[in-house]
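# Summary of the model geometry
So the chains spell out like this:
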Amino acid sequence: MSQASPPQIPVLILAGFLGSGKTTLLNHLLHRGGGSRIGAIVNDFGAIEIDAMAVAGALGDSTVSLGNGCLCCAVDASELDLYLDRLARPAARIDVIVIEASGLAEPQELVKMLLASENPHIVYGGLVEVVDAAEFDATREKHPEIDRHLAIADLVVVNKADRAADPDRVIRLVRTLADGAAVVPASYGRIDPEFLFDCRPTEERIGQLSFDDLHRHEDSDHEDSDHGGPHEPRGHLHSAYESVSFTSEVPLGPRRLMAFLDGRPDGLYRIKGYVDLGAADPRNRYAVHAVGRFLRFYPEPWPPGERLTQLVLIGSGIDAVALRKELEACKDDAPHADERGMWGVLRYVQEQEQEQEQEQEQEGEGEQEARG
């Protein structure tokens, strides 16, 4: 029987050209992480003046600073693993890792390095590309490669939307270049952390200081004075995206579910939760982790007395009614499910988990032969 998968730490890549607002966004996440403990790998040229980074370092080595070079050129996948090991070790109690890339970095190479990581404690958390809405046209003229960067992004943050002469035009243009990725506007890098990762309440950090604990004395007026701009209401952060919840006591058919997941619509950034695949695999439920184009399933035994599909879908500009209708339709396929229908799901089960299941099945067969 497969065992429950150990929790993996999502690793986000935060990319964007110089001046787009990556550091401001990271600072916002560090200050407003909802009690989550954030580890950071910061790679940039020149001095890094981030007061929140100094706080992160003081909290116990949860920041890795890389200067004098571009991460995608200066290190290889094995070296990146060393940095990830430092932050992903259980003693650090990190909930999410953010890699802030140099403004000159090649995002595609960073994604390849992260996906090539052999660290079992981390999982890809998405490529977030930050663009400066006010300077977007000038940036495209100077750096035409931005079109390629946008095409591979999982989420695009159109930052400084408040400073752009025509932010709607920029957002429409970015959507045409982003190849179906979620696109959200922002000012001062203020994007809701729950869009990017699961935030945990500060109460879970009893006995350990969190960033929220350290910065609780800082009110929003102080933060605004640092940015030199007007205060943006906290609730406004949620207007950029929508969350859709789906629950079913009826199992879902794996073939229909995979058709839905393989063809998920534009703007759907994250999917998380658990699915019951019924007769196709009655032993296990499957934890789902999807971000952008990345998808992974984790089989694990059902908790006692519980058989329920529970999913949360998060995106920008998504059709909640249509998404629920497609998921409801997955129930119709459940009575016809069989082991062959699981092939599509098993493509996205981590290889080492499949190997463990095969070893366990072989051990069981060996025991039966011995008894026979």
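Residues numbered from 1 in each chain as written. Predicted model: local features only at pLDDT ≥ 70, side-chain atom pairs only at ≥ 80, totals over all residues. Heavy atoms only, no water.

- You'll find the protein chain entered in an unreviewed UniProt entry as Cobalamin biosynthesis protein CobW, with Streptomyces aurantiacus given as the organism.

### Side note on the overall build of the protein chain
- Counting its secondary structure elements, the protein chain contains 15 helices and 12 strands.
- Across the protein chain, the fraction of contacts at a sequence separation of at least 24, relative to all contacts at a separation of at least 6, is 79%.
- Accessible area for the protein chain stands at about 17,500 Å²; split by element, carbon and sulfur atoms hold 50% of it. (Helix = DSSP H or I, 4+ residues; strand = E, 2+ residues; numbered from the N terminus. Contact = heavy atoms within 4.5 Å. Areas by Shrake-Rupley, 256 points an atom, 1.4 Å probe, with all protein chains shown as cover.)

### Comments concerning the pairing of strand β7 (residues 182-185)
- By the bridge criterion, four bridges tie strand β6 (residues 155-159) to β7 in an arrangement that is parallel. Bridging from a neighbouring strand, Val156 pairs with Val183 of β7.
- Chirality of the crossover, the property in question, places the unit of β6, helix α8 (residues 167-177) and β7 among those that are right-handed. (Pairing = 2+ DSSP bridges. Right-handed = clockwise from strand over helix to strand, strands pointing away.)

### Here's the deal with the packing of aromatic side chains
- What the rule picks out here adds up to four aromatic pairs.
- A ring pair is formed by Phe195 and Tyr269, whose centres lie 5.3 Å apart and whose planes are at 80°; its orientation type is edge-to-face. Of this pair, Phe195 sits in helix α9 (residues 193-196) while Tyr269 sits in strand β9 (residues 268-275), placing them 74 residues apart in sequence.
- On the numbers, 6.3 Å between centres and 80° between planes, the contact of Tyr286 with Phe297 is edge-to-face. Taken together, the positions of Tyr286 in strand β10 (residues 284-291) and Phe297 in strand β11 (residues 294-301) put the pair 11 residues apart, joining distant regions of the chain.
- Relative accessible area serves as the criterion here: at 2%, Tyr286 is assigned to the buried category.
- One aromatic cluster is present, built from ring pairs that chain together Phe195, Tyr241 and Tyr269.
- The aromatic ring of Tyr274 is capped on one face by Arg285, whose charged end is 3.6 Å from the ring centroid. (Phe/Tyr/Trp six-rings, centres within 6.5 Å; stacked < 30°, edge-to-face > 60°. Buried < 20%, exposed > 50% of the residue type's maximum accessible area, 1.4 Å probe, protein only. Lys NZ or Arg CZ within 6 Å of the ring centre and 35° of its normal.)

### Quick notes on the packing of helix α12 (residues 254-262) against helix α13 (residues 320-333)
- For the pair α12 and α13, the least separation of the axes is 7 Å and the interaxial angle reads 155°. Of the possible angle classes, the one that applies to α12 and α13 is roughly antiparallel. The residues of α13 that touch α12, namely those facing Pro254, Arg255, Arg256, Leu257 and Phe260, are Leu323, Glu326, Leu327, Ala329, Cys330 and Asp333. (Axes fitted to C-alpha atoms, helices over the stretch in contact; angles between N-to-C directions. Parallel < 35°, antiparallel > 145°, perpendicular 65-115°, else oblique.)

### A few points about α13
- Among the residues of α13, Ala320, Leu323, Leu327, Ala329, Cys330 and Asp333 are the ones counted as buried.
- On its buried side, α13 packs onto β8 (242-248), α12, β9 and β12 (309-315).
- Regarding α13, its N-cap is Asp319, as a side-chain oxygen of that residue lies 3.2 Å from the backbone nitrogen of Val321 further along. (Polar contact = N/O pair within 3.5 Å; in protein donor to acceptor, adjacent residues only side chain to side chain.)

### A short note on the pattern of salt bridges
- What the rule picks out here adds up to 15 salt bridges.
- Asp198 serves as the salt-bridge partner of Arg270, at 3.0 Å between the closest nitrogen and oxygen. Taken together, the residues Arg270 in strand β9 and Asp198 in the loop between α9 and α10 (211-215) connect sequence positions 72 residues apart.
- Assessed through its relative accessible area of 8%, Arg270 is described here as buried.
- The salt bridge partner of Glu328 is Lys331, with a shortest N-O separation of 2.9 Å. Of the two residues, Glu328 and Lys331 both sit in helix α13, three residues apart, roughly one turn of that helix.
- For Glu328, a relative accessible area of 36% corresponds to the partly exposed category.
- Here the salt bridges do not stand alone but share partners, grouping Asp154, Asp179 and Arg293 into one network. (Salt bridge = Lys/Arg side-chain N within 4 Å of Asp/Glu carboxyl O.)

### Structural notes on unusual backbone geometry
- Phi at Lys160 takes a positive value of approximately 60°, unusual for a residue other than glycine.
- Its identity is not glycine, yet Tyr188 carries a phi of approximately 60°, on the positive side.
- Structurally, the position occupied by Tyr188 is in the loop between β7 and α9.
- Owing to a relative accessible area of 11%, Tyr188 belongs among the buried residues under this scheme.

### Overview of the sheet that holds β11
- Spatially, the five strands line up as an open sheet ordered β8-β12-β9-β10-β11, and their pairing is antiparallel. Each of the sheet's edge strands pairs with one partner strand only, and the pair in question is β8 and β11. Strand-to-strand twist across the sheet, computed as the mean angle between neighbouring axes with direction ignored, equals 15°.
- Inspection of the sheet shows β10 paired to β11 by eight bridges, in the antiparallel sense. When the sheet's bridge partners are listed, Ala287 is paired in β11 with Tyr298.
- On the sheet, α12 packs against β9, β11 and β12 and is oriented at approximately 150° with respect to β11.

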